[in-house]
Structures are given as C-alpha cells and as structure tokens.
Amino acid sequence: MTTETMPSAGAPTSSRPAPAWRHQHILDLDNFGRDEIEAVLDTADSMREILDRRIARVPALRGRTVVNLFYEPSTRTRASFELAGKALGADVISLTAAMSSVQKGESLIDTVRTLRAMRADVIVMRHSSAGAAYLAAEHTDASIINAGDGAHAHPTQALLDLYTMRQHFGDLAGKRVVMVGDISHSRVARSDMWGLTALGARVVVCGPPTLLPRGLRASERPAHAESALPPVTVETDIERAIEGAHIVMALRLQSERQQGGLLPSVGEYARRYQVTAQRLARAHPDHILMHPGPKNEGVEIAADVATGDRSIIEEQVTNGVAVRMALLYLLAGYAPGDVDGGSR
Ligand code: CP
C-alpha cells in the first residue's frame, strides 16, 4: 500500500483514552455521552486529514455496502454519505422512494429487509415520519443511520455542527449557542440540543411562541418527561437571545411540516426573527454564524450575513463528509481514534 491508500490518518488529536464504541445504530444523540461524541469528533479529525490528501480514498470499508435510502429530498446529507462511503472504499448505492418499489406499496420494513438480503451493512435512512429509523433498526441487523426522521432527530447533522463549532472554539463548555427559527419542526434543533448540552454548552432556543415545542419551558415539563428534551433556555425576543452569543444558528421555516396558522405571514416572521447584521452586532465579538441548510435567504437569514465573514455555513458542509466518514468507520467496528489501525 502507498501512503495515499493507507487508512492511516495520523495520530488522533486528543490524548484522552477513547471510550469503547457500543453503538450499532445512530438514531439520535440522546444516548451519546460526552466522551462518545468527542470520540466521533476526534475520528472525524483524522478523516479530514484523509480528505485533504491528493487522493482522498482509503480501503477501510472495502467489501462493505452502504445504502442511502431517502424517502425525502436531500442534497447535503445524501451526497455527503455517498462521498464518505466512497472515500472509505465502500460500495455505495442511493435509492429514493420515488424510484424504488415503495411506489408499488412495499413497506419500510420489507424495503429494509430486502436491502439487508443483498448484504447491505449500513442503511442511511431519511423519512418524513418520526421514529421511522427506530422501526427499521428493530427489523434488521444492518446498522441504521438516521439521516432525519420527521421533526424528531438528525444526529449526523448535529455531529457535524458540533465538529465545526469545536474547530472554532475548542471546548464548547460554557459557550452560548443560540438557535433561532422554527424550533418546533426542526429535527436539527432537537439533536443539536442533546449534543450541545452533553458537551456543556449553554443552549438558547428562540422563535415565536407558535414555533417553540411544548414542554421546553421547565414550568411546562411534567416530572415524568424529564428526558423528552434536554434543559435549554427559551427566548422569544431575538435581540435578547443573541446578546453575547458565541454561536448563532439560523433555522429554516419547515413549511413542509407545519400546519397552517402558525404565523401571521412570512414577511412578518422575517421582520421579527431574521438573523441580520444589526442583530448579530449584539453577539460575542468572536461569534460565528451557522445554518444547517437548505436556507431561505431573506426569510430566516439575511443574504449579506449568510455569505459574510462570520458565516461558516460552507465549512459545515465540508465537515459533513468527514463526520459521516467517521461514523461509517466506527460502525464498521474500528476503534474510535484508532485510525492508524484501520487496515483490516
Ligand atoms: N441539512 C440537511 O439535512 O440538508 P439536506 O436536506 O440537503 O440533506
């Protein structure tokens, strides 16, 4: 093997001992501890190094099959899993519901079983229903990666968000992270809340009351539902929310998941909640601006700040490939951080 084809990616960036990897599936981050999240991010550091090589390809997953099974549209997640699998030497195929036998009435469970019968090792699944990835995981011994299930969870987006934040700030403990927008319908917001609180960040969610999930406020939280969402601060005033923020994340109005009547108008929403340069002036002087995409400039985010010098939106996209490589690598049984040993 030449250096270009070795899975070796140099030493992990952390001297912490990596925890044992115990996940067969990636369904959400609510069952990830701080050390497990950091193990993924450390492994992603090594994957970034592979991606920076002249030939960004290693054989770690040669002979393994990754299937992208997308029942909903996607640009970033689907393309990055495809690139991630190929960079690690896996066979990757992508299916959309529109072009599959789902159109003939085949169920989700039958579809997953069929793909496993063809020896799929990993099924990356996006579905409009919350819980779809969990259902699939109950019916296959392939690894299921949740690439977004309804308004519930999007753990790989959250991990790439955490990775990108860590690149800029290092330790996220105590950092003020503000998510502004349609929190209620955002699977990204939910998974980010779990990941950020596990890393000790101070999370603020901001939006109109109609777009904030019930049960987020401590006073609304029934005692038996403590784990429904992690503890975060809720704010309906964007100026107050952004005050001193290290990280501001704008979120799209998820109109495909909204029932009618939640907002007077999109224009009124933009007037009150759009992330603008004037509002970002209240943030910490070193703040960064993020957006998971796809974004609607002029609605939740002003065009000038979306491409401005504080925006790291394209870095998020780039990092998505490395983080998804790290997840595929770990699910294949390689030890976290043990990228030098990945030549099986
Ligand atoms: N952020 C995200 O999930 O983007 P796509 O819908 O393009 O995959």
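A. Representation of the pairing of strand β3 (residues 122-127). The element β3 is extensively covered by neighbouring structure, given that six of its six residues are classed as buried. For strand β1 (residues 65-70) and β3, the ladder comprises five bridges, and the chain directions are parallel. For Asn68, the partnering residue across the bridge sits in β3 and is Val124. Relative to strand β4 (residues 143-149), β3 runs parallel, the two sharing five bridges. The residue of β4 that forms the bridge with His127 is Asp149. Once you follow β3 into helix α4 (residues 132-138) and on to β4, the crossover reads as right-handed.

B. Examining the sheet that holds strand β7 (residues 233-235) more closely. The five strands lie next to each other as β7-β6-β5-β8-β9, forming an open sheet whose pairing is parallel. The outermost strands of the open sheet, each flanked by one partner alone, are β7 and β9 (288-290). For this sheet the average axis-to-axis angle between neighbouring strands, irrespective of direction, equals 20 degrees. Inspection of the sheet shows strand β8 (residues 247-250) paired to β9 by three bridges, in the parallel sense. Looking at the pairing, Met249 lines up with Met290 of β9. In this fold helix α6 (residues 187-198) packs onto β5 (176-180), β6 (202-206) and β8, with an angle of close to 170 degrees to the strand it touches most, β5.

Calculation criteria
Residues numbered from 1 in each chain as written. Predicted model: local features only at pLDDT ≥ 70, side-chain atom pairs only at ≥ 80, totals over all residues. Heavy atoms only, no water. Buried < 20%, exposed > 50% of the residue type's maximum accessible area, 1.4 Å probe, protein only. Helix = DSSP H or I, 4+ residues; strand = E, 2+ residues; numbered from the N terminus. Pairing = 2+ DSSP bridges. Right-handed = clockwise from strand over helix to strand, strands pointing away. Axes fitted to C-alpha atoms, helices over the stretch in contact; angles between N-to-C directions. Contact = heavy atoms within 4.5 Å.

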